[in-house]
Amino acid sequence: MHDDISLMAKRTDNSLMRRKDREVTDREEIAAMIAGMDTIRLAMNAEDGPYIVPLSFGAEEVDGRFIFYMHSAISGRKIELIGLSHSVGFELDKANGLVAGKEACEFSMRYQSVIGTGIARVITDGQEKLHGMRKIMEHYTSRYDWDIPEAVLTHTAIIRLDEEEISAKRY
Ligand SMILES: Cc1cc2nc3c(=O)[nH]c(=O)nc-3n(C[C@H](O)[C@H](O)[C@H](O)COP(=O)(O)OP(=O)(O)OC[C@H]3O[C@@H](n4cnc5c(N)ncnc54)[C@H](O)[C@@H]3O)c2cc1C
């Protein structure tokens, strides 16, 4: 039992990616990978186990840490769970095409992916909500300065996720 626990602890250390040749550690490269991805998957702690939802997002890097913004209805299961525990996991990926082989075991998938943990909070400051919404818009339209009506912001929850750990892999 003790060995199982220490093995689990070791396996969650980012420095232990088995395929070192596929690991991406350069922050600029990771930022470029994130910029090219469409969906973030947010994993939360529910009473009966993990709860995961796909969401649209925007991102920025501040003081060497990624911040992700997501928007949502103001109620629902994820909002409730984030209120109960700010500690979350996240994942983003992009499949870059199937590589065919002659035998079944020679097939493989090209991909890039980012996973990590962080602290998620529903933000309440009006200016920060506007910024978060604009970062989401910017991610998909390459334009930041959208007008967002105040009534829309009032009825929208903006989730801010601050990176704690991150790892990236490309194949
Ligand atoms: C590509 C993509 C982008 C999305 N972008 C956004 C976004 O930017 N903002 C946003 O709010 N939502 C987005 N959604 C929808 C999102 O995944 C959730 O469905 C939504 O946010 C509601 O989550 P909730 O926890 O409040 O669910 P609730 O409405 O509280 O529902 C609870 C239950 O419904 C089921 N459920 C909820 N969501 C899903 C789902 N996506 N698939 C299957 N079962 C589900 C689960 O069993 C869950 O326990 C997106 C979905 C996809 C696929």
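Because the structure is a prediction, the values reported are computed rather than measured.

Parameters at a glance
- Residues numbered from 1 in each chain as written.
- Predicted model: local features only at pLDDT ≥ 70, side-chain atom pairs only at ≥ 80, totals over all residues.
- Heavy atoms only, no water.
- Helix = DSSP H or I, 4+ residues; strand = E, 2+ residues; numbered from the N terminus.
- Buried < 20%, exposed > 50% of the residue type's maximum accessible area, 1.4 Å probe, protein only.
- Lys, Arg positive; Asp, Glu negative; His and termini not counted.
- Salt bridge = Lys/Arg side-chain N within 4 Å of Asp/Glu carboxyl O.
- Contact = heavy atoms within 4.5 Å.
- Near = heavy atom within 4 Å.
- Polar contact = N/O pair within 3.5 Å; in protein donor to acceptor, adjacent residues only side chain to side chain.
- Areas by Shrake-Rupley, 256 points an atom, 1.4 Å probe, with all protein chains shown as cover.
- 1 Å grid on protein atoms, 1.4 Å probe; cavity = no way out; pocket = protein on both sides within 12 Å on 5 of 7 lines; lining within 4 Å.
- Points joined across faces, edges and corners; volume = space filled by probe spheres on them.
- Nonpolar A, V, L, I, M, F, W, Y, C, P; charged D, E, K, R; others polar.
- Pairing = 2+ DSSP bridges.
- Core = buried A, V, L, I, M, F, W, Y, C linked by side-chain atoms within 4.5 Å.
- Phe/Tyr/Trp six-rings, centres within 6.5 Å; stacked < 30°, edge-to-face > 60°.
- Lys NZ or Arg CZ within 6 Å of the ring centre and 35° of its normal.

### As for the side chain of Arg 22
For Arg 22, the location among the structural elements is in the loop between helix H1 (2-11) and strand S1 (23-24). Despite being buried, Arg 22 has no salt bridge partner; Asp 21 is the closest side chain of opposite charge, sitting 4.2 Å away. Setting aside residues no more than four positions away along its own chain, Arg 22 makes contact with Met 17, Tyr 111, Ala 168, Lys 169, Arg 170 and Tyr 171.

### Describing the site of the ligand
As a matter of local geometry, the ligand sits amid Thr 39, Tyr 51, Pro 54, Leu 55, Ser 56, His 71, Ser 72, Gly 76, Arg 77 and Lys 78. In the model, an oxygen atom of the ligand is placed 2.6 Å from a nitrogen or oxygen of the Pro 54 main chain. One of the backbone nitrogen or oxygen atoms of Ser 56 is found 3.1 Å away from a nitrogen atom of the ligand. Look at the ligand: alone it shows 870 Å² of surface, and the protein chains cover 47% of it.

### Examining the layout of surface pockets
Considering only enclosed or pocket space, the second largest pocket measures out at about 160 Å³ in volume. Forming the walls of the second largest pocket are Ala 31, Ile 34, Ala 35, Ala 59, Glu 60, Glu 61, Phe 66, Lys 135, Glu 138 and His 139. Those elements giving two or more residues to the lining of the second largest pocket turn out to be helix H2 (27-35), strand S4 (58-62) and helix H4 (126-141). Each residue belonging to the lining of the second largest pocket can be placed in one class, and the counts come to five nonpolar, one polar and four charged.

### Here's the deal with the pairing of strand S6 (residues 87-99)
Looking at chain direction, strand S2 (residues 40-46) and S6 are connected through four bridges and run antiparallel. Across the sheet, residue Ala 43 finds its bridge partner in S6, namely Gly 89. With twelve bridges connecting them, S6 and strand S7 (residues 108-123) associate as antiparallel partners. Pairing of Asp 93 across the sheet is with Ser 113, part of S7.

### Some details on the nonpolar core
Generally speaking, a soluble globular protein has its nonpolar side chains buried in company with each other. In this structure, Ile 40, Leu 42, Phe 68, Met 70, Val 114 and Leu 161 are the most contacted members of the largest nonpolar core, which totals 28 residues. In terms of residue count, the dominant contributor to this core is strand S8 (residues 157-170) (five residues). In contact with Met 70, other than residues within four places in its own chain, are Ile 40, Leu 42, Leu 55, Ser 56, Phe 57, Ile 136, Ala 157, Ile 158, Ile 159 and Leu 161. Ranked by size, the runner-up nonpolar core spans nine residues in total, among them Tyr 69, Leu 130, Leu 153 and Ile 158.

### A few points about the environment of Leu 84
The topology assignment puts Leu 84 in helix H3 (residues 77-84). For Leu 84, a relative accessible area of 65% translates into the label exposed. As a C-alpha pair, Leu 84 and Ala 46 span 38 residues in sequence and 8.9 Å in three-dimensional space.

### A closer look at the pattern of salt bridges
Where charged atoms from two side chains of opposite charge approach closely, those side chains can pair. By the definition in use, this model includes 13 salt bridges. In this structure, the salt-bridge partner of Asp 21 is Arg 19, at a minimum N-O distance of 2.8 Å. Asp 145 is paired through a salt bridge with Arg 143; the nearest N and O atoms lie 2.9 Å apart. The exposure class of Arg 143 is partly exposed, given its relative accessible area of 37%.

### Quick word on the packing of aromatic side chains
Enumeration according to the criterion identifies four aromatic pairs in this entry. Ring pairs connect the aromatic residues Phe 57, Phe 66, Phe 68 and Phe 90, which therefore count as one cluster. Directly above the aromatic system of Tyr 171 lies the positively charged group of Arg 22, at a separation of 3.6 Å from the ring centroid. The aromatic ring of Trp 146 is capped on one face by Arg 143, whose charged end is 4.0 Å from the ring centroid.

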